[in-house]
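Tertiary structure, described
What follows is each chain in one-letter form.
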Amino acid sequence: MATKFGLAGGIPERKVRPIWDAIDSRQFKNALKHVTTLLAKHPNSPYALALKALVIERMGKPDEAFSVALNAKELLYANDSLLMDDLTLSTLQIVFQRLDHLDLATGCYEHACSKFPGNLELMMGLFNCYVREYSFVKQQQTAIKMYKLVGEERFLLWAVCSIQLQVLCGSGEDKLLFLAEGLLKKHVASHSLQEPEALTIYISILERQAKFGDALEILSGKLGSLLMIEVDKLRMQGRLLARAGDYTAAADIFNKILELCPDDWEGFLQYLGCLLEDDSIWCDEAVNDPVHPPKFVNCKVSHLTEEQFDRQISIASTCVQKLLADTVNNLIRCPYLATIEIERRKHLYGKRNDDDVMDGIVQYFCRFGHLGCFTSDVEMFVQVLTADQRTELLEKLMKVQDTLSAPPTKALGLSISFFKIKQLLLGDISTPCARDLEASCVQMFEMYCTNLPLSKDLDPQEGTYGEELLSMICSILVQLFWRTKDVGYLVEAIMVLEFGLAIRRYVSQYKILLLHLYSHCGALSVAHEWYKSLDVKNILMESILHHMLPQMLVSPLWTELNNLLKDYLKFMDDHFRESADLTFLAYRHRNYSKVIEFVQFKDRLQHSSQYLVARVETSILQLKQNANNIEEEEGVLQGMKCGVHFLELSKEVGSKSLTFNEDLQSRPWWTPSSEQNYLLGPFEGISYYPKEILTKDREAILKRVVEKKSLLPRMIYLSIQSASVSVKEHAEVNGSVTPDITSELKLLLECYAEFLGFSLTEAIEVVMGFHNEESSSVVSDSNLIDWLNFTVFLNAWSLSSNEFVNPEGNGCRPRIWNILDSLLEKYTLEKIRSIGPQLCSPWSGIELLIQLVTEPLAWHGLVIQSCLRSCFPSGKKKKKSGSAYHQSSSNMAHAITDSVVHLSHVLEDVMKWITEWMRKPEDENMENIFFLLNKDGNNDGPGKVFRMLEKFISSVNDAEFGDHISPPLKSWSPADVARKMISGKLRVLMEFGDICDSKWKLLHSLKQQIAQL
Amino acid sequence: MTTIRRFCCNDLLRYASVNLDHLTETFNMSFYMTYLARWPDYFHVAEGPGNQIMGYIMGKVEGQGESWHGHVTAVTVAPEYRRQQLAKKLMNLLEDISDNIDKAYFVDLFVRASNAPAIKMYDKLGYVIYRRVLRYYSGEEDGLDMRKALSRDVEKKSIIPLKRPVTPDELEYD
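Residues numbered from 1 in each chain as written. Chains lettered and ligands numbered in written order. Predicted model: local features only at pLDDT ≥ 70, side-chain atom pairs only at ≥ 80, totals over all residues.

As annotated in an unreviewed UniProt entry, chain B carries the name N-acetyltransferase domain-containing protein and comes from Vigna angularis var. angularis.

As recorded in an unreviewed UniProt entry, chain A goes by the name N-terminal acetyltransferase B complex auxiliary subunit, listed as coming from Phaseolus angularis. Database annotation for chain A, UniProt heading Sequence similarities (unreviewed entry): "Belongs to the MDM20/NAA25 family." (UniProt positions renumbered as here; feature names shortened; annotations may be inferred.)

Structure representation (structure tokens):
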């Protein structure tokens, strides 16, 4: 490029090389030195200036960099004699992109292209700019220009992709696809196609228009040979035939696929779908969320006559029999599972073949029961059986298990599968009594211990045999807790998993269970440690963060929470920044289907519900962290444009479609989504196998939460303003200072009241009714914080509103203020009185207490600070004169004194309560924990597995367990685990204590300020 | 019971059960997307019944002349689906593509010198230790460069082991 258009802005390459080298090695100061020298010689070179801007930006001076870059751009535009080279443009582009001014970069390329209309390289640069801006229409126009210029296939495909993107990700109508089809057809007629991906796109365009016949014709013609992987081509053909309704031909194709890949389960399902003329599998593809595909095969009850049905089923059976006969590899599961699927379809059709379904499962158990995936493989077939049949099946499995002889590792696998399928079949845990459940835990633990020597020679990085048993024991122990509310079971579950992790410290399944158990007990810092040990990073954060984030949001571990949020948002934002460049990479490498995929994926992440929550919560965390200092809080609010941005978000969120990308399958049974935790409610005997979660319901709930929370920054801002004008307003003769603030706050209060299920007037009535306990029934744990927040903001509004007739309460202090103070006091004391300093007491109450102090109480603290500040105009401002002003200030000051004193007492009570926890000697805490497990050796209740565990550890010998297992077993101590639980919980309470203390100190200093008034 | 198909972006949101394994690295997005954008035929995923992700393989093809080769960047299987020779199946697929479509001379991979189970598996699949790369992993642990010759390398020249270890900066490709 440089040679074609002269040198880069007239500068020889050797002069700029050292600059790029210095930039690449991040020696920016050095780079700047070189640039300065260069600029001395070439003061008007846009390229030299662009380089300078680049260096300055990397040095962290965005404003200066921006102005230099603009300067470079102006020079580039102004001087017609200067040549436009791609090097200058791309350097400027980098700077503008880093400064979030993609439009300016695009402008430069547009200008260059208009000056040199025939230059392909500049046009590609411009195309790339549009890719970055997701301007699909302009992309298309530019690509077409390039295609017209040189006639290359790739530019045509760039245009076609851009059209497809308009339809799939933009507002383009389907009929645009016809245009794309026309372009391709014309090109194929004159030039054919060279790239397999071009063909894939061509087919997808036809398929989307339901032109299956045309697509098939192309695929079976000469162009079809472009697809080198035979199975891929067959899959495409089969799908097209099926969608065209030609089931017979499609079945033949899928039969071929099965011959090539006898283990292709999806291939078999498609084959069967075609034989039975059932297109559900293809319809589902379009309807289902690709990230959460259904666990079970969807199928229609066949419309075929019985005769037809029997014939087709017999064809399928013959095919499967042939696959079975041809199978030499004894690890191929598909044909065996296929026989059960055929029986299932027969069952669904109304054939009374329950025994055949059961026999199929039994046969499968005999062959593959030792595999870890046995239960999940057969899960869908069990669904068709009645409760009685399930019991029957279990008996059959039990019988057959006794007859199977297998080497020890396989025998262990079979036993585990048996336990798992037993849980699956008897799903509803209300059937067996607690004692039976305990017995099965003991049995499993025994099995684990007995078989541990099998893993003696395994590498420490490999999983041990029977690893799953411990997770299964944990699941049952938690059920027992739910049933009995005896926390001993939870402690026991923790012990079992910690023991497992002492043997193998990498088992992620144990870690996930543990982090939920510790969170439930309030030992959040330990939960967080286990979470960290999972090394959740990059895209895994999007699917796994839900295990930790929700409980951290209501915890006092602000530093850890801040890191979680920061890392996650950085990952997402980085992806959004770089995604377009990677899309362009796919264009360049002619992998067109990936172009579409990348853009859709970016869209998916941009609509992520978790991303939305994280953004809102990050701002709320900042507000919580700075609430003790009104100036700092105002700084934070300024950074959020006084909450306006979030207000817009609140309005928009309802119409946005959100994506849910969490991997919910990895969650423990008792909390199938972060909004649900069965353990907090009464025992209901819900089958603990995760149900399909209804995304639509989650979406509606989450949207409301976000809508409500997004109001907070603005309401806090307005409350501060409202409180500050209140004092001044008292001084005004006609008192109408800031109608805007007051009316906006009123509007938001109306919205907030709506979230509480009331109109503003009604909600005010409720609040006014609090003073005589009239309204207490309205408040529950789930809306307590919202009511308190509402009252805080209502109080702030009442300070500046003339509209709100606020009966005088205590002197000058409005009555609503009294109500707010007593509400804060009442609910705080209620919480601390109901939660004794027992280590295993439920954490959810403490979470509410923490929220109460860090949210409504903190916001109220800001209102007080704002009022006081207005009583003390800063020295710089001109003091208002006149006795009216002083009188008003003094009244207000006295009025809030009561409140400050009141809240100080509340905080003192909380701190005293925390001290109670801290004061308990460690020995006593430990004793309590072990008491929960041993209960004086009583045989009932928790502790049975734990006692076996202790016995097992004490009897370990090196020869039996080898060098890898024996030492950690011997050094593992239950006391250490108990200590960790205690310290984990106390650490959280300590952090909470520090927050309370800082708030108490703030109130103390406010008291002193008032005294000076 | 394995449907093997091309890996796609959405699979990144579904592979947690595989990637929570401590030996499976979760790369940054540009790493995955570069592989998808450049070598989509070398990035495959295995799906089981109930649409469960069983494991995946990612790799690339690069080099010049007789160094033109397929490279396995990562191959991993979820714990539930281990001991079923799935990794073998995925490796064979990548070898087939390198051999038949891209006509490469050999396939290679790097493995931690301490990862005995993996080394044993690659050995069973016909890979030999071509050379040791000193401090390849984060400047600490040595890596082993293991290779398997493909049909184009008739004389199996590509897999004659080097006598001395090399340092990471001596490597031709990352």
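1. Here we look at the overall build of chain B
A tally of regular secondary structure across chain B gives four helices and seven strands. Shown N-terminal to C-terminal, the secondary structure of chain B runs as helices and strands in the order β-α-α-β-β-β-α-β-α-β-β. On C-alpha atoms alone, chain B measures out to a radius of gyration of 16 Å, which is about the 16 Å that the 2.2 N^0.38 rule sets for 174 residues. Each of the three principal axes of chain B carries a C-alpha extent, and together these read 50 × 35 × 30 Å. (Helix = DSSP H or I, 4+ residues; strand = E, 2+ residues; numbered from the N terminus. Rg over C-alpha atoms; globule rule 2.2 N^0.38 Å.)

2. Let's talk about the overall build of chain A
Each helix and strand counted, chain A has 47 helices and two strands in total. Oriented by its inertia axes, the alpha-carbon framework of chain A measures out at about 105 × 95 × 60 Å. Counting over 1013 residues, chain A shows a buried share of 44%. Sequence-distant contacts in chain A: of pairs separated by 6 or more residues, those separated by 24 or more amount to 69%. (Buried ≥ 20, exposed ≤ 12 C-beta atoms within 10 Å, placed from the backbone. Contact = placed C-beta atoms within 7 Å.)

3. Regarding the environment of Ser 475 of chain A
Relative to the helices and strands, Ser 475 of chain A is located in helix H24 (residues 467–484). A count of 19 C-beta atoms within 10 Å places Ser 475 of chain A in the partly exposed class.

4. Re the sheet that holds strand E6 (residues 128–137) of chain B
Residues and elements named next belong to chain B. Across the sheet, which stays open at both edges, the seven strands sit in the order E1-E2-E3-E4-E5-E7-E6 with mixed pairing between neighbours. At either end of the open sheet lies a strand with only one pairing partner, and these are strand E1 (3–6) and E6. On average, each strand axis in the sheet is inclined to that of its neighbour by 25 degrees, with strand direction left out of account. Note that strand E2 (residues 43–48) and strand E3 (residues 52–62) share six bridges and pair antiparallel. Looking across to E3, one finds that Phe 43 is bridged to Met 58. (Pairing = 2+ DSSP bridges. Axes fitted to C-alpha atoms, helices over the stretch in contact; angles between N-to-C directions.)

5. What to know about the packing of helix H41 (residues 844–854) of chain A against helix H47 (residues 974–1012) of chain A
Two measures define how a pair of helices packs: the angle their axes make with one another and the distance between the axes. Residue and element names in this part refer to chain A. Two numbers describe how H41 lies on H47: the axes approach to 11 Å, and their chain directions differ by 25 degrees. By the angle class used here, H41 and H47 are roughly parallel. Two packed elements cross with a definite hand, and for H41 against H47 that hand is left-handed. Within the contact between the two elements, H41 uses Ile 850, Val 853 and Thr 854 and H47 uses Phe 992, Ile 995, Cys 996 and Lys 999. Looking at the contact of H41 with H47 residue by residue, the class counts come to five nonpolar, one polar and one charged. (Parallel < 35°, antiparallel > 145°, perpendicular 65-115°, else oblique. Left-handed = near helix turned anticlockwise from the far one by under 90°. Nonpolar A, V, L, I, M, F, W, Y, C, P; charged D, E, K, R; others polar.)

6. Examining the UniProt feature "domain: N-acetyltransferase" (unreviewed entry) in chain B
Following the UniProt record, the feature "domain: N-acetyltransferase" (unreviewed entry) maps to residues 2–151 of chain B here. Secondary structure over residues 2–151 of chain B splits into 26% helix and 37% strand, and the C-alpha atoms at its two ends are 27 Å apart.

7. Some points on helix H13 (residues 230–243) of chain A
Residues and elements named next belong to chain A. With 14 residues, H13 should cover 20 Å at 1.5 Å per step; its first-to-last C-alpha distance of 20 Å lies within 8% of that length. Along H13, the positions that sit buried rather than exposed are Leu 234, Arg 235, Met 236, Gln 237, Gly 238, Arg 239, Leu 240, Leu 241 and Ala 242. Within two residues after H13, Gly 245 carries a phi angle of roughly 90 degrees, on the positive side. (Expected span 1.5 Å × (residues − 1).)

8. Section: the interface of chain A and chain B
With 50 residues of chain A at the interface, the matching set in chain B holds 42 residues. Secondary-structure elements contributing two or more residues to the side of chain A that touches chain B are helix H15 (265–275), helix H18 (334–349), helix H20 (374–382), helix H28 (539–544), helix H30 (558–588) and helix H31 (592–606) of chain A. Its residues placed into classes, the side of chain A that touches chain B shows 22 nonpolar, 13 polar and 15 charged.

9. Overview of the pairing of E6 of chain B
Residue and element names in this part refer to chain B. When E6 meets strand E7 (residues 141–149), the two strands line up antiparallel, connected through six bridges. Counterpart to Val 128 in the pairing with E7 is Arg 147. Taking the residues that link successive antiparallel strands as the turn, the E6-E7 hairpin has three residues, and the phi of Ser 138 there is positive, at about 50 degrees.

10. With respect to the domain arrangement of chain A
Residues and elements named next belong to chain A. As far as domains go, chain A holds domain 1 (1–133), domain 2 (354–600 + 624–631) and domain 3 (711–919). Taken together, the contacts link twelve residues of domain 2 with 15 residues of domain 3. Elements that contribute at least two residues to the side of domain 2 that touches domain 3 include exactly helix H25 (488–503) and helix H26 (508–521). Here the side of domain 2 that touches domain 3 is built from residues that sort into eight nonpolar, three polar and one charged. (Domains from an automatic or database assignment.)

11. Regarding helix H22 (residues 408–425) of chain A
Taking 1.5 Å of rise per residue, the 18 residues of H22 of chain A would be expected to cover 26 Å, and the 25 Å separating its terminal C-alpha atoms lies within 8% of that figure. Elements that come into contact with the buried residues of H22 of chain A comprise helix H19 (354–368), H20, helix H21 (387–403), helix H23 (434–451) and H24 of chain A.

12. Thoughts on the environment of Phe 365 of chain A
Residue and element names in this part refer to chain A. Here Phe 365 lies in helix H19. Each C-alpha atom, one on Phe 365 and one on Val 378, is 9.2 Å from the other, the two residues being 13 residues apart in sequence. Every residue in contact with Phe 365, bar those within four places of it in the chain, is listed here: Phe 374, Leu 397, Val 400 and Ser 417.

13. A look at unusual backbone geometry
Here the phi dihedral of Tyr 134 of chain A falls at roughly 55 degrees; this positive angle occurs in a residue that is not glycine. Take Tyr 134 of chain A: it is sitting in the loop between helix H7 (120–133) and helix H8 (136–150). A positive phi angle is found at Lys 103 of chain B, which is not glycine, with a value near 50 degrees. Topologically, Lys 103 of chain B is positioned in the loop between helix H3 (86–101) and strand E5 (106–112). For Lys 103 of chain B, a count of 12 C-beta atoms within 10 Å translates into the label exposed.

14. Some thoughts on the packing of helix H3 (residues 46–58) of chain A against helix H4 (residues 62–78) of chain A
Residue and element names in this part refer to chain A. Closest axis-to-axis distance for the H3/H4 pair is 8 Å, and the angle between their directions is 165 degrees. Taken together, the axes of H3 and H4 lie roughly antiparallel to each other. Where H3 crosses over H4, the handedness of that crossing is left-handed. Contacts between H3 and H4 involve Pro 46, Leu 49, Ala 50, Lys 52, Ala 53, Ile 56 and Glu 57 from the former and Pro 62, Glu 64, Ala 65, Val 68, Ala 69, Asn 71, Ala 72, Leu 75 and Leu 76 from the latter.

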